[in-house]
Each structure stands twice: as structure tokens, then as C-alpha cells.
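Architecture and fold: a report
For reference, the chains in residue letters:
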Amino acid sequence: MVNKLLFNNSLVITPNRSIMTSTFQNPRNPLAAMWASAAESHLREQNPNLSIQQIRQLPMMQGVYAHLNQLKQRQRVIKPPAQGAASETSHALKVAQMAYLSQVFFDFAMTTAAFYNSGNALYLDYLTKVIEDYNNSHDIDDFSTEDLWGFGLCLIVWVGLVGLTDINPVQLELLNYIINQLPIPPELKQDINEFWSSIPKDRYSIQYRNAADYPGYQIISWKIPSDAQIIMLGDWGTSLEDAHEFLYAIWKKAYQNNPGKAIVFIHLGDIYYCGLPYECQEYFYNVFVNVGQRLREDIGNDNFNPNPPIFTIPGNHEYYSYGYGYFQLLDTLNQNVPGVNPSALDQECSFFCLQTEDQKWQFLGMDTGRTEGNALLDLLQLAGDIVKEWIDEHRPDWSWVHWITDLAKATYDDYVGPFQPTLDPNELNWLEDKLVHFHGKTIMLSHHQLFSREAEINHNSPEYMNTWLDKHFSSYYKDKIAAWYWGHEHTFAVYLDGLMGLNKGRLLGSSSYEATEDSDTPYANNYPAVPFSPNMTDTLVHKNNDGLYYHTGAIMHQSGSDMAVKYYQFPAWSQLGPRPDTPKLEEIGAVAENITTSFKSLKPTWIGDVPISQDEVTTEHSPSVATWNDVLYMLYADGSDSPKLKVCTANAADFQPEKKGSVLHWSHPSKIGVNNSTISTKNSPVVIAVNGQLYGFYIDSNKYLQGITAEAGTSIPDNWNWASIGNLPGQVGDAAPAACFFQGRIYIVYRQSGSDNNLCWAYYDPEARSWHNFGPLNNTGGNNFESPNAPALAADAYHIYLAYQVKDGTDIRWAVGTPSNAAPGGSSDNISWADKGKLETAGKQETTNPDTEIGMTLQYADGIFLLVYTSTNYSLTQCALNDTGADSTGSWVGSNTVKANVNTNPSTVRSGRVPALAITAGGGFLVYRGKDHDEIYWAYY
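Residues numbered from 1 in each chain as written. Predicted model: local features only at pLDDT ≥ 70, side-chain atom pairs only at ≥ 80, totals over all residues. Heavy atoms only, no water.

1. As for the overall build of the protein
Summing up its helical and strand segments, the protein has 16 helices and 45 strands in all. In the protein, 67% of the contacts between residues at least 6 apart in sequence involve partners at least 24 apart. Accessible area of the protein: about 35200 Å², with a carbon and sulfur share of 44%. (Helix = DSSP H or I, 4+ residues; strand = E, 2+ residues; numbered from the N terminus. Contact = heavy atoms within 4.5 Å. Areas by Shrake-Rupley, 256 points an atom, 1.4 Å probe, with all protein chains shown as cover.)

2. Describing the environment of S828
Mapped onto the elements, S828 comes out in the loop between β33 (812-819) and β34 (831-838). Between the C-alpha atom of S828 and that of F774, which follows or precedes it by 54 residues, the distance is 9.2 Å. Sequence-distant contacts of S828, that is, excluding residues within four places in its chain, are made with R745 and F774.

3. Some thoughts on the pairing of strand β19 (residues 645-651)
Of all the seven residues making up β19, six are buried; the element is thus mostly covered by neighbouring parts of the structure. Bridge analysis of strand β18 (residues 631-637) against β19 gives seven bridges, and the strand direction is antiparallel. Its bridge partner lying in β19, M634 is registered against C648. Sheet topology note: the β19/strand β20 (residues 670-671) ladder contains two bridges and is antiparallel. Its bridge partner being in β20, K646 is matched across the sheet by K671. (Buried < 20%, exposed > 50% of the residue type's maximum accessible area, 1.4 Å probe, protein only. Pairing = 2+ DSSP bridges.)

4. Focus: the pairing of strand β23 (residues 686-690)
For β23, a buried count of four out of five residues is recorded, marking the element as mostly surrounded by other parts of the structure. Sheet topology places β23 next to strand β24 (residues 693-699); five bridges connect them, and they run antiparallel. Bridging across to β24, V690 finds its partner in Q693. If you look at the hairpin formed by β23 and β24, you'll find two residues sitting between the two strands, and N691 has a positive phi there, around 50°.

5. Describing the sheet that holds β19
Taken in spatial order, the four strands of this open sheet run β17-β18-β19-β20, and their pairing is antiparallel. Of all the strands in the sheet, just β17 (624-628) and β20 have a single pairing partner and so form its edges. Where β17 meets β18, five bridges bridge the pair, whose relative direction is antiparallel. Looking across to β18, one finds that A626 is bridged to Y633.

6. A look at the sheet that holds strand β27 (residues 738-742)
Taking strand neighbours across the sheet as the criterion, the four strands line up as β27-β28-β29-β30 in an open arrangement whose pairing is antiparallel. Looking at which strands have only one partner, the edges of the open sheet turn out to be β27 and β30 (770-776). Going from strand to strand, the sheet's axes swing by 20° on average, the running direction of each strand aside. In terms of strand pairing, β27 meets strand β28 (residues 745-751) through five bridges, oriented antiparallel. Across the sheet, the residue bridging to F741 is I746, located in β28. (Axes fitted to C-alpha atoms, helices over the stretch in contact; angles between N-to-C directions.)

7. With respect to the nonpolar core
One recurring pattern in soluble globular proteins is that nonpolar side chains are buried together. Core analysis: the largest hydrophobic core is formed by 135 residues, its most contacted members being F363, F473 and Y485. Here the element with the most residues in this core is helix α9 (residues 241-257); it accounts for nine residues. No fewer than three residues from each of domain 2 (230-369 + 419-595) and domain 4 (606-940) sit in this core. Apart from the residues lying within four places of it in its own chain, the contact partners of F473 are M366, L423, L428, L431, L435, M444, I481 and W484. If you look at the next biggest cluster of nonpolar residues, it comprises 30 residues, including L31, W35, A66 and Y273. (Core = buried A, V, L, I, M, F, W, Y, C linked by side-chain atoms within 4.5 Å. Domains from an automatic or database assignment.)

8. A closer look at helix α1 (residues 30-46)
Residues separated by three or four positions in an α-helix point in the same direction, a consequence of the helix having 3.6 residues per turn. Under the 1.5 Å per step criterion, the end-to-end length of α1 is 24 Å for 17 residues, consistent within 8% with the ideal 24 Å. Burial within α1 is extensive, with 15 of its 17 residues counted as buried. (Expected span 1.5 Å × (residues − 1).)

9. Observations regarding the packing of helix α10 (residues 277-299) against helix α11 (residues 324-332)
Packing of α10 against α11 leaves a shortest axis separation of 7 Å and a crossing angle of 50°. The pairing of α10 with α11 is recorded here as oblique in orientation. Between α10 and α11 lies a crossing whose hand is right-handed. Seen from α10, the contacting residues are P277, C280, Q281, F284 and Y285; seen from α11, they are G325, Y326, Q328, L329 and T332. In the contact of α10 with α11, the residues fall into six nonpolar, four polar and no charged. (Parallel < 35°, antiparallel > 145°, perpendicular 65-115°, else oblique. Left-handed = near helix turned anticlockwise from the far one by under 90°. Nonpolar A, V, L, I, M, F, W, Y, C, P; charged D, E, K, R; others polar.)

Structure representation (C-alpha cells):
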């Protein structure tokens, strides 16, 4: 069988060889990434007059890329033929040969690392036999001595870079044995030995700067001017030509937005391949210097500053070389910013806090890359463990060992993940201190993702979520963290606002890396629970003719109390392909946005799950709650043998959950009476607040739906004067009603008298003080809505939304009532109901169908409908309807169990009845009967 091998535009015919790519690679395995750095370091040494772009086009470097791409796909490079086919170019054949040699010597490198970390000299005989057999079976002497010498030097560089240089004489004997087995002339072997002598003989360690060791390092002294342009880039440090040009274009655009004003750069991490000192200097710092000088010459205006403040957090790649280069870079940055003392811009640590002059905004960067640096040390030990385990099991039968060709893949599989980075405890405390004591809003910055639609970032469920970061920062989503930007994935994404409880989550990881649809699948919808914003589509970011996605970045500036953000894209091109004639920066206008000081949450974080009053506030039914001016009003039928209608109140404005010891004080329950007569009911009531007035509805002993009203705002229930507003004409069924206010009417859905399922509807007009009954609630097809339990009802400015349990099952369905005109006339029915079918949400890892045997509550506030239902296992579960409007009925997201933090320990909230929900300016309050107790409980988000 003959396969076609494509190296960019060159076609190579090789037997039984899989398709590879020789474009730029940035392996997420530190040992593989270090191999790319070793090869590039060797080629720079041998070709001092070539630019980095030219070095990356040499066959040897292209071969390394091809090999690493195969490794990423868990595939081996098949040995190419000694001579190319007629249709094969000499360059393509050379690249194929270099890919094979790169694989051979990387195997040797892994063997060296394995032996180094095995810690037992008895393995020397076994390992030398391995290399003899490997050499004999792979025929590496078919290749030129110069190529073998070159990769021999790469091997030495790699050994030095990963920190294996304090090896003992026995281990050095193994390394010498590898080199001496190479079929190259003695003088070239001598070159390798001399090069080895030049490598520093120090074992490396992680160069992390702990917050505890830098007590004076706090907030960056320099403040961002209110008229500054803030440029944000992610995963940018490749030094590819298109990365240079993208920086030029977005920097120029920021200058043109506000000429002569300050420009600030924020980078979300990753300087490739391994963040070596040379790479941090040449692929990051010097690129800024060179592009800045170009812009100054091209703009020709003295008010352009070629040396702006630059702040950067580390990604995983900076720690592949233990962070040495990154921290040297921090000590180099911001030394020449005009008019600013370098000490005012000093970023001493890998995390930072940068604030605006008006103290309205701060950028808070964290170090999620450190975890991968520690993993590099673990990975080296892992290689040794694999060797020891295999040899111990197979000794003395080692005539042919199979593990050597799989050693790199085994460590690659183990390391690459998925895993979720964590933070150093002192750094976490440092970040939380900045969140707590800042009175403005925060934009969080990390290299690694909080969540992802495409990538598996967690071994445990949910695979799409960094649960560690979420656990430690979710309490700040409500009113502190206005947005969170991250990189790591080489793409751009605007996630649904409010997702996972976070106001805005944004992925900005494609400022330089050449992502392709075929090999990177950046827009795969692997986790529907992580949807994009409605305006964010898979085709929003363009691709060139070679399938490379455009690079993206952001420019921010303050706009009143908001932070205005525009996103931009710029063409990407292969370092082997031609540069576009006129690459242009384009705004991605569909997702331009303002980060505001009001937040959206589709996943409330609850606290509470405590009784309102032990043994005093009890019920056998479902309570109902409403709010007006942040006062809560709860109506319920008490737990006595002859249930009386009662009310409790609480002032939510006085409740400050962020303060230790703050509690929500509920009033003592008070009986509700009309004309000095108490009210009895054997069903659950419903209460709503309209224009400063409370309206309660309950079913009396004769099965009539009665209405009562009282002025809201009174804090002493005993002093209230409740009045009757009459009853709905005709009897109703034995089920709790649902109510909402829409277009001047209080709409009520109730069960038909004598029926177990049929739903009917009516309204009460508060201004006219009149009732009107429409009878059966039918959809546009004339079919009656049916449910065995109480439905839920809520409205925004455009529609009424109905949720209900199906007649013969546990599924929840929903319907939308649309008015034919802005305001109904007289007692006319101006609403048509459309059945939307089963309620399906993007929850967990796939579409979820919520189910219940009891019922649900539905409330609307700040652009979101929140549905909380009692699931079939009695746990309260929440989902949200987002992006409703005049022309949209929205989409459901989430399916999350309500877990309330009690003494910092989250517990599942359970109930045997329907919960009730009220949403105040500060958050939402849930009231519900306990599952095993008749007390009414409350929880808050």
C-alpha cells in the first residue's frame, strides 16, 4: 500500500507512512518541548548568521516538527527510503529523514533520562544492550554522518536543558556509550564530547517566587491612566513572522484609537518552546523592542512610545525550563518606560495586581504554569520508573526489549493530562487579599482555562472544568470578578455570559500559534454544557487557504464605569508558505462588548439551607415568597391540624453574606386575617408584589381561588391590614396556583375543577379590581396543557413563560405566551401560547432533560429566568433560560444540583415539596419545606 506524505506544498511518496506535518509545533509535554528547544539551540549555534525564521525552515528543524507532531498523535515515524521516489523533492526527502532521526535520538534522550532517574547502576548492562539492539534494528548508519553528529549534539543539549548534568561516572558511561555507538568519525565524536564539557553541571530547580518570601510585593505602584489602551495577547511567544506582524498591527491600532496616550500590554503566558532564557529574550522581549522601533519610524510622531509597560503571567511552557528564562525576563521588563521609575512598574513575581488610576478596575494575574514545572521533575522520575519496572519483570530475558520505542509515548500519555493546575497556597491568599480589599471590579487573568467547550482539562468529572480554581474563586463571581480571561487553548472564544456562575469567561489563546482545523479541532463542541455566547460562532474567526486560523487579540479601554472591549483578528501564515500580500487587522465586531459593573450568573452559588425558625415556621405544603424593595414576604399554610395562612418577613438589604457572622433575620410568623377573621387553607398559596402592593392567592375550603392584598413595606406583620379582592368565578382544582405580573395584569394558572391534569388560566386586574377567567389553557394547536402538579409562571417584558410537569411522566415541558399587542384592551385575550416541548438544557456533558414528580418555581431578573425544581430524588436542581427578548425565547442551560455552603461545607438541598424563589437586588432567596422535617428552610445566592 502506498500513502501520500504531505510536507506543506511538497508531496512525498513513501511506503506505509502516515501523514505528518512539519509546521511549527509546541508540544504540551515538557520533554518533547525541550527537544524542540535543543534542536533549535543547536542550529542557532551552527548557523549564527541565519534568522530564527530561516532556522525553522531548515530540514533538520522541519524534521523535528514532523516527528513531534507524530508523537502528539501517538504515532511513530516510519523510516524513509534511502532514495526518494521520482516525484519526491530532495527537500521533502531530507525532512522525512530528519523526522526519523529526530525520533531515534529522542528515544535515546528518553533512555538517558530513564537511566538517570532509575538510580541503580545494575541497569547499565541492560540499557547498553537495549541501545545495541535498537541500533542494529533501525539501521541509523544509513544516514549521513553529519546528520548523526547534529542530532548527537541535540541529545547533549537536551540532557543539559532538562537538568541531567550532575550525572555520576556510571551514568556518564551510559551517555558515552550512546555517543560511541553512533557510526560517525572520531573527530565528530570528539566534537560531541567537547560540547558536553561546555554544558553547565548544575541540577535545575523550579524558580518560583513565593509570595511569603516577597512580603513587600503587593499592588503595582504605577496605575493605568483612564484614557489608556490595554492590549491583551495570549500564547504569543513563538517569534513567528506572523506573530511579529500581528503585534505591529494591533499596537498601531491601539495608538490610532487614542494617539499619544498610554498603551499597556498584558500577556496571558506561553513563550515557546520552553521559556529558555534565550527564548524569553529573543522570542518575546526583543520582538517588542524591534516592533516598537518599526512603529516609531513608520508613525513618525514623537508622541508614540516604543517602550510601553508590559506585564506577563507564565504558561506551562515557561516552566518547561523550570522558569529560569521567565524570571530573568521579569527582571528585564519595564526598565525603559519613558517618564516612569522602573520600580513603579516592577513585577517581581509571576502573579500581579494592576489597577486603574480611578480605582474602578484591577487586572489580577495568577500563575497556573508552576504546576507543570513541578510535573517536569515528576516526569523525569516517571521515565526511570518505567525502565525499572520493565527490566525487573523481564530480567534476564532481554534479547529484545519492546518498551524503548514506547517510552516517549508512555510518558507523553501520562503527562499531557488532562489535569487541572492549582496555585501555591501563599499565592492564593495573596490573590484573595486583592479581591477582598478592592472596591472596584476585577478582571482575572490566568494561562490555563477555568472551563472549556473543546478541551478535557480535568481527569475527574466535570472534565471541562477546573474545579479547584472554581472552588476557590466562585464566591467572588457574584460581585467582584467581572470577567476572566485565559489562554492555553490556541483559539478564541466568547462563552455565554453567566456560565458556571461567572459573569464573563473569555478564551484568548491564539495570538500567535498556528492552529489548524484538522490537527487542533479548536471549535469542537465536545462539551455542550459550555456553550458560546449567541454571537460567537465557529466561523467567526477566519482561516487562510492552508486551513490556519487567524490570530486574535483584544484592545480594552475605560468607557465611563465600564471596560469596553474590542476583539481583533489577523491573518496567520505558515513559516514555509508565502506571506499574504496585504495582511490586515480586522475587528470581530459581532462580539465587541462592555464589561459592566452589573453581573450575570447562570449558576448561583448558594449558602444557607437552615430553618427559618426551628419548630416554629412549619408546613405540610409549599411556601411562596415575593420581594419588594429588598424585603422578603413569605406566605405559607402552617403545619397545624387546621392549617392557617401565615406570613414571615425578612429585610434582605441588611443581610451581608460576605461579612462573617451576618445572618438573615426573619420575623416571627403572623396569622393573616381579613376583617378580623383568620384564613384557613389546605393548599399551597402564591404571593407576588406589584407596584408596592402584595397580592396573595389561596384556595379556600369550598375550592374557590381567593385573593387578598396588603401594602408592601411594613416590617411588623401583626399591624398589617389585609383586604379581600374577591375570588375567581367558579371553583378550581385541588392544586396550588401559579401567578405572574404581565402587561398590567396578574395572570394565574390553576387546575380545572374536577380534573386531575387540565390547566386553566385567568387574570386579576389590580387597577380595575376585576377578575376574568379564560378557562382551559390551550396551545396554538387547540390542545389543552395538562399537568398533575402545580406549574410555574414568570414573565419578562415580552413574553410569559410556563413550565410544568407532563401528565404521564416526570419530564418538564415549557410554553411561551406571546401578546398580539403591547397592552390588552378590556378583558380580551391577546396572548397565544406556543408549546416548546420538553425542557432540554445543555447540562453536564450532554443535553439533559430535567425531571420532577413534585413541581418547580420560576423567576425572572436581570435578563435570566431561573428555574428550580424538585427532582425525582428530592434534591433541588437549578437551570436557567438565557438570552430572551422581543424576538427570542432563549435557550436553557445548566442542570445543577442546588448545594448550599453550611459552615463552608456544601450540602445538597432536598425537599419533598415545591420550592419558592424571590430575587432581590443583592441576590436570590429560596424557601422550601425540608424533605424529612416540616420546617421551612431558606438559602441564598
